[in-house]
Every structure is written in C-alpha cells, then in structure tokens.
Amino acid sequence: MTKIIFLELNEVPNNIFVESFSKHKYKKSLKDFDFYQTISKDRGHLSPWITWATVHRGITDKIHGITDINQDIRKIDESYPTIMSSLADRGLKVGVFGSMHSASVPKESYSKYCFFVPEAFANDNYCNPKSINDLQRLNLILSKQSARTINSKLPKITLIFKAILSYLKHCHKFNGGISAIKQLIAEIFTSWKKIRRRNIQPLILFDVFMDLLHKNNPDFSCFFTNHVASNMHRFWEAKFPNDYSSQISTDKWIKRYKNEIDNAMKDTSYFINELTDYVDKNEGYQLWILSSMGQSAVNNYEKQKKFWHIIDMNAFISSICECNVEFEELTQMIPIYSIKSDKKTIDFVYENLSSITTNAQINVRSKTETSLAFEFNSYDLNSLRFKKKGSSSNLNILGLKKIEIDEKTGTSAYHIPDGILYIYGSNVQKIEKSFLDLNDKLPTNKIKSIVEKILVTN
C-alpha cells in the first residue's frame, strides 16, 4: 500500500530549491526525485492562506472563497473538505502538523486523526496527543511575539520548563533542542543574529513531527514550515542583488544578510534527509515536497524601519467604534488582524472600520457572519491620525505601539504562481499527462485528486 508524506515547504521556488543541493549536504541527489513545476490557478491575490486551501481542497479560490487565516469555513468544509479530512473519513490513518487552516478544524474532530497539531495561528494550544499542549503553548506565544520583529523577551520560566518537558517526550534526535542552545549562544556574541530564531521553532517542531511519524506510521501526513518563505520576503535582495534594476540596500546590509536564505535552506536539508531516510526504511512510503506557489524579486520595494502594532485589540476597536465592543481576537499574520463575534457585532465593527479615514491604511479583507479580518498598514509613520468620514475632528485611538524593525527590511520578494512538487520513493509513478496544463505545469488544484487516486485505489 502506498503512503504519502507532505513536506509543505511554503513558497519556495525551484531556483532556491535546486541551488540548495549544491550548497548543503543532501543524502539524495536531485535526480532521485521526480519534479513537476506547479502553477497556482487562483485568480485573487496570491497568499499562502489562499493557495494552500486550493492544494488541500482541490478547488481554486473562485470556489472556496478562503482569503484569510481563522476565517469561518464551516460551510466550505461541508461542501469541499480538505484532503486530510476526506482521507480520515475514508478510514485512512492521517496525521496533521501545522498545515495552513488547521486551526479552523473543530477540536472534536482531532480524534479522527492519529495526531493533530494545529498551525501557529491557532487560538489555543490544544493538540492530539495532549502531551504536546505545553510545547504548543510556547510555540504560539513566540510566534505571536515575533510576528514582524523578533522579541528578545522570554516567556515565564514555568511555561518554558513545561514546554521543555513536553518536547522531551517527542524530541526524536534532539536536533531542535541543540540548535536552540547554539542559537542563544550565537546571540551573545552577535546580537543581530537573533533574527534566526525564526528558523529554530520549525526545527523543534520537526523533531516532534518525526517522533509522531515513527510512532504512528500514518497513511498520509503533512508538515508545514514557513521559515524559508519569511527569509525570502526579507532578504531576497541580500542574496540576489542583481535581480533589481537599482540597488535599494546598502552594501553593508547586503553583506550582513546575504546568507539568511541559505541558512534557512540548510535547515530544510535536514528535514529532507530525515524524511528520505524514513521513506527508505518504511515500505510503500513516498515523500512529496510542495510549495503551493513561489517567490521572486520585487523591484523598487520600500525598506521599512518601524510600524505601528495593535497591542490591545479591544482598546483599538472600541475607540474606533467610540463605545465598548465585546469580541474574541483571532490570531493573524501582521499587518492583518481578525476578530470573532456574533453577526450584529461583526456588522457594527465593519460599519465603523469602513467609515474611518487615516494616514495609515485600513481595509477590510474578509467578513463572515462570525468573523472579520482587516489589514492595518502603518509603516514608517511618526504619528497616526484617524477621523470618521465627514468629521473634522480626530479620534483618540488607543491600543497602539510603535515598533522598530531591527533588520530594516521590506518585502523584497513576493508571491508568484509558479511553485514546486518533488516526489521521492521507490514506488513513485509518473503523474498522468491529463493532470498537467498545456504548458506541462501541474495546477495545484489537481494535487488532491492525484493523491486520493493513489491512496484510495491502492
């Protein structure tokens, strides 16, 4: 019986992936993998919460309509379930670790999976098995603290201690723990390297995934990581300065950060080596490495030195609405923010947000009966001004804090529809030509059907 592991290597384009094989120690060569250039057929704004929904559900954004993290997707789940849910309902053993939108899965459904660890945008730390809960609590706190800049402040020692105990129950080869210790030592001597903490969390989480993989041997499993994507967004110019019509950063900045993408791919090589080893030792397994889309250079991008962060959502929304508003804040990816409440409250907040004029940028991204997501862009503004449309007086907006960006980065690379699919295993068969488009690219909305055909019919 064929079994499949997804390594969801978010947004990595083929040139980055291929180059890493010439720079890092891979146990396999590229020719050991079958390669397909993928293409996102999504027609809206390309973002990972859209393109991964397309991969997992087998339909494009025109149908699934998912535009944000923590969006209410219960109706979509009924009509277009994810590949993970569909396979589990068919009786296959399925494990999920950090995949996009996994935080939207109801907790009562976790039991149908052999393991289930939600994404870093989850609103609570509940996992299956529960022995991961304390590590997940720390993961969520660190992810939220370092969403745009790295926060050096450590959580409470009791929380860290519980997280360590949780990790030790699932630590595989302790690679993540060793890397964390090395990272903290490196920061003592070179403080700017604290930006590499973003690479440590996935290393620790991957240890847990490998432990769960060995213990459960699922028919289908997936592990999501964003560590390369975040480095590409920030440091593409440092690695590829010739991709730009004119140099934006200083030579000093480029020299300092030129290796950040390579460092992230070095960690990826560890993931791939461990997974190809697992495939070799366990009959029937295949490793699928996929990215849902890619990235490329953004010419004339703007460097960013500081931004305004909403640190108290209740104070911010209540001052916008000029009255106290009750809601639940949902985790999002800055500069996007999201809330959850009843329909009346959501409508009220939407009406007030839509009536604001400001020297920053506020726009509603998505609205359902129970949730609202909005974008708040406020980079490099020394002060903020808010008014209601038609009013001459400024509102006193609360809950904001100005944050300095240590590495002074901007979005030097952004999303493109072309991504990758690399497949490794002894029993791999070529994907049928009928699944490819006229340019021999594999549309990402076809991947679910291909996997289901392999796993369900074998």
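Because the structure is predicted, anything quoted here is derived from the model rather than measured. For every chain, the first residue of the written sequence is number 1, and numbering continues from 1 along that sequence. Reporting of local features is limited, given that this is a predicted model, to residues whose pLDDT is at least 70; pairs of side-chain atoms are given and counted only at 80 or more, and all residues count toward the totals for whole chains, interfaces and linings. Where side-chain values are given, they derive from all heavy atoms of the structure, hydrogens and water being excluded.

Visitor: Please clarify how the pattern of salt bridges should be interpreted in this entry.
Guide: Opposite charge on two side chains lets them pair, provided their charged atoms get close. Here a salt bridge means any side-chain nitrogen of Lys or Arg lying within 4 Å of a carboxyl oxygen belonging to Asp or Glu. Applying the stated criterion across every chain yields a total of 30 salt bridges. Between lysine 367 and aspartate 347 there is a salt bridge whose closest N-O contact spans 2.8 Å. Here the residue lysine 367 occupies a position in strand 12 (residues 361-367), and aspartate 347 occupies one in helix 14 (residues 343-354), the gap between them amounting to 20 residues. Note that lysine 433 is salt-bridged to aspartate 440, the shortest N-O span being 2.6 Å. A residue is classified by how much of its surface remains accessible, and lysine 433, at 56% relative accessible area, is exposed. Three exposure classes are used, based on accessible area relative to the maximum for each residue type with a 1.4 Å probe and protein chains only: buried under 20%, partly exposed in between, and exposed over 50%. Of the residues examined, aspartate 440 reaches a relative accessible area of 40% and is grouped as partly exposed. A run of DSSP states H or I qualifies as a helix once it reaches four residues; a run of E qualifies as a strand once it reaches two. Both are numbered from the N-terminal end.

Visitor: Sorry if this is basic, but what is going on with the pairing of strand 5 (residues 220-225) here?
Guide: Regular strands show a simple pattern: their side chains alternate between the two faces of the sheet. Judged by how many residues are buried, strand 5 sits mostly within the fold: six of six residues are covered. With burial as the criterion, each face of strand 5 is covered, one bearing Phe220, Cys222 and Phe224 and the other bearing Ser221, Phe223 and Thr225. Of the pairings in the sheet, the one linking strand 1 (residues 3-9) to strand 5 comprises six bridges and is parallel in character. Bridging from a neighbouring strand, phenylalanine 6 pairs with cysteine 222 of strand 5. Between any two strands, at least two bridges found by DSSP are needed for them to pair. Examined bridge by bridge, strand 3 (residues 94-97) and strand 5 share four bridges and lie parallel to one another. By the bridge assignment for strand 5, phenylalanine 97 is matched with phenylalanine 223.

Visitor: How do you make sense of the sheet that holds strand 10 (residues 336-340) when you look at a structure like this?
Guide: Strand pairing within a sheet occurs via backbone hydrogen bonds; the two strands may be parallel or antiparallel. Read from one edge of the open sheet, four strands run 9-10-13-12, paired in antiparallel fashion. Among the strands making up the open sheet, the edge pair consists of strand 9 (328-330) and strand 12. This sheet shows a mean twist of 30° between the axes of neighbouring strands, independent of strand direction. Across five bridges, strand 10 lies against strand 13 (residues 371-377) in antiparallel orientation. Only the stretch in contact is used when fitting a helix axis, every axis being a line fitted to C-alpha atoms; angles between N-to-C directions are given from 0 to 180 degrees.

Visitor: Is there a simple way to explain a nonpolar patch on the surface in this structure?
Guide: Taken together, the side chains of Phe161, Ile164, Leu165 and Leu168 present a nonpolar region at the surface, about 380 Å² in accessible area. Locating isoleucine 164 in the fold gives a position in helix 7 (residues 157-168). On the basis of relative accessible area, isoleucine 164 is assigned to the partly exposed category, the value being 43%. Residues enter a patch when their relative accessible area is above 30% and they make no salt bridge; the linking distance is 9 Å between like charges and 5 Å between nonpolar side chains (Val, Leu, Ile, Met, Phe, Trp, Tyr). Using the Shrake-Rupley algorithm and a 1.4 Å probe, accessible areas are obtained, with residue cover drawn only from the displayed protein chains.

Visitor: I would appreciate a short explanation of helix 9 (residues 197-216) in the present structure.
Guide: An α-helix turns once per 3.6 residues; consequently, residues spaced three or four apart project the same way. Between the first and last residue of a helix there are one fewer steps than residues, each counted as 1.5 Å, and that sum is the expected span. Its 20 residues give helix 9 an end-to-end C-alpha distance of 29 Å, which sits within 8% of 28 Å, the value for a rise of 1.5 Å per residue. Burial within helix 9 is extensive, with 18 of its 20 residues counted as buried. One or two steps after helix 9, the chain reaches asparagine 217, where phi turns positive at roughly 45°.

Visitor: Can you walk me through the side chain of threonine 2 in this structure?
Guide: Following the sequence through the fold, threonine 2 ends up in the segment before strand 1. Within polar-contact distance, the side chain of threonine 2 engages the side chain of asparagine 427 at 3.3 Å. Pairing of N or O atoms within 3.5 Å defines a polar contact, subject to two protein rules: one partner must be a possible hydrogen donor and the other a possible acceptor, and residues neighboring in sequence count only if both atoms are side-chain atoms.

Visitor: Which parts of the structure should I look at to understand the nonpolar core?
Guide: Within soluble globular proteins, side chains that are nonpolar tend to cluster in buried spots. Grouped together as the largest cluster of nonpolar side chains are 55 residues, with contacts concentrated most on Ile5, Phe17, Phe97, Phe209, Leu275 and Ile289. With ten residues, helix 9 is the largest single contributor of residues to this core. It only takes one pair of heavy atoms within 4.5 Å for two residues to be counted as in contact. Ignoring anything within four residues of it in the chain, the contact list for phenylalanine 17 reads Leu9, Val12, Leu30, Met265, Ile272, Ile289, Ile420 and Tyr422. Buried Ala, Val, Leu, Ile, Met, Phe, Trp, Tyr and Cys residues form a nonpolar core when they are joined through side-chain atoms within 4.5 Å.

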